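Summary of structural features
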Amino acid sequence: MSTKKISVQLFKPGIVQANAIMLGEKLVKLWKIPTDRPLQLTFGSFKQDINVIPVPKYSGLRISAALSRQMGLSSRPELKIHYHAGSRTLRLGPLIGIMISRDHPNMPDNPFGSISLFCRELVNACQKQGAHVYFFTPEHITSSTNTIQGWIYDGGWRLTQMPIADVINNRLTSRKMENNPSVQHFMKEVKSLYGSHIFNEKFLDKTEVFDALKKETNLQRYMPESHLLNGYAILKKMCTTHSVVFLKPIRGSLGKGIIRITKQSDGTFHTLSTIMGGTQKKIYATLPKLFTSISGKMKSTRYQIQQGLTLIDHGKHPVDFRSLVQKNATGQWSVTSIVARIAGGNHFVSNLARGGSLSTVKDAVLKSSMPLASKNTAHSNLKLASMQIAKGLDNAIPAHFGELGIDLAMDNTGRIWLLEVNSKPSKNDNTPLNEQKIRPSVRQIVQYSCFLSGF
């Protein structure tokens, strides 16, 4: 089944019937496309019986304005096309849908807030690769699942009715939104009715990740001791074994709500918590008193308790690493980028939302006290760990992931540790956005979508 990128244009009304398409004669002959009987044209969930009219000395595809409207196409897109002789089907695509949390229809120049530039970048990447993309929110989902209202870019952003996409990338940033019955029903329906592929279809929580990965033998070397905090006994065990432990909300993000507990030589326990605008320090005479203090929080927040690690630092600021791992044009995991994140101010977490800053892996490890041999192999070791963790998680958790943000740490011996895995990695977290340049991470989303849809 051959695939070609082709320019799609409109023909003037009245030239031929609305359900006919005009296709370059050379391609018609090459693919042995019949012109004496109807074929089926598909674009995402859109299907229409059409007749093919071969056009000499022409290499594009012309369709009627009526067909174009039904397909939600903007002016003169370039799309991939292939012909399946067995089913007599001409497929255009791939059609990619990006499910995002919110839009601002009253702000047409910036309809998606902080991710508007990312969305434009994705449009540009699709144009270059012969794909078509639209953006929709849970509010656009209706009881009818054969079309959906979505935003396309055609010299400016506009809302239009679109077919259901071949591939949907779930970029919802809220668990509540993702778990909404209408969203869950939509994802289930489009998979069963149209064979749509949905990737990054769910959030991960820390307990789920660590419980799944600790069973994988080849990953145990990356795993700090980590348990669900379900009572005083596990807090006592961890604080007896480790001089520093961390309590992390199992569904937290951006470093919110993390508590660091440090056992002092005089038997007291100091806590440092991330709060709005900084950190808060408290001292407890005994561990039971500390537990009494946090047990109130445990009624509304479930915590993962994790072994504290002595991370490499950058001028006494802890350093960790964010690895973006994505599936590529052949459906295989590959590492797109690894950046070092340096905690800012008096923070003990490195999130950019809390004043952290970015650095290259090379610069971060050069300024650490690791042995030289470990410094030289740091990047390759982080890359290997990222790949193994992504593959392990893919095997262990029954959900479809196409990209993962994997947070790793290194101690002063060069050993790598897993901190957490994020199934909704931010597109504003690695490099500044540039309207002219398409980042590899954005290009990879399109390439993987092409793979999934068979283009």
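Note that the coordinates shown come from a computational prediction; the quantities given were computed from them, not determined experimentally.

For soluble globular proteins, nonpolar side chains are generally found buried alongside one another. By size, the foremost hydrophobic cluster in this structure holds 41 residues, and its most contacted members are L23 and L90. Broken down by element, this core gets its largest block of residues, 4 residues, from helix α5 (residues 181–194). There are two domains that each give this core at least three residues, and those are domain 1 (4–93) and domain 2 (95–199). Leaving out residues up to four positions away in the same chain, L90 has contacts with I21, L23, I33, L39, Q40, L41, T42, V52, I81, H82 and Y83. Among the nonpolar cores identified, the runner-up in size contains 38 residues, and Y222, M370, I416 and V421 belong to it.

Right, let's talk about the domain arrangement of the protein chain for a bit. The assigned domain composition of the protein chain is domain 1 (4–93), domain 2 (95–199), domain 3 (225–307) and domain 4 (311–423). Put simply, the middle of domain 2 and the middle of domain 3, counted by C-alpha atoms, are 39 Å apart.

Think of a sheet as strands paired side by side through backbone hydrogen bonds, with each pair either parallel or antiparallel. In spatial order, the strands read β1-β5-β2-β4-β3-β7-β6; together these 7 strands close into a barrel with mixed pairing. In this sheet, adjacent strand axes meet at a mean angle of 40° when their direction is disregarded. When strand β2 (residues 20–24) meets strand β4 (residues 46–55), the two strands line up parallel, connected through 5 bridges. Across the sheet, residue G24 finds its bridge partner in β4, namely V55.

On average, residues of the protein chain score 89 in pLDDT, and 94% of them reach the 70 mark or higher. Of the regions scoring below 50 in pLDDT, residues 350–354 engages in 20 contacts with residues more than four places distant in sequence or in other chains.

What counts, and where the lines are drawn
Residues numbered from 1 in each chain as written. Predicted model: local features only at pLDDT ≥ 70, side-chain atom pairs only at ≥ 80, totals over all residues. Heavy atoms only, no water. Core = buried A, V, L, I, M, F, W, Y, C linked by side-chain atoms within 4.5 Å. Buried < 20%, exposed > 50% of the residue type's maximum accessible area, 1.4 Å probe, protein only. Helix = DSSP H or I, 4+ residues; strand = E, 2+ residues; numbered from the N terminus. Domains from an automatic or database assignment. Contact = heavy atoms within 4.5 Å. Pairing = 2+ DSSP bridges. Axes fitted to C-alpha atoms, helices over the stretch in contact; angles between N-to-C directions. pLDDT = per-residue confidence, 0-100.

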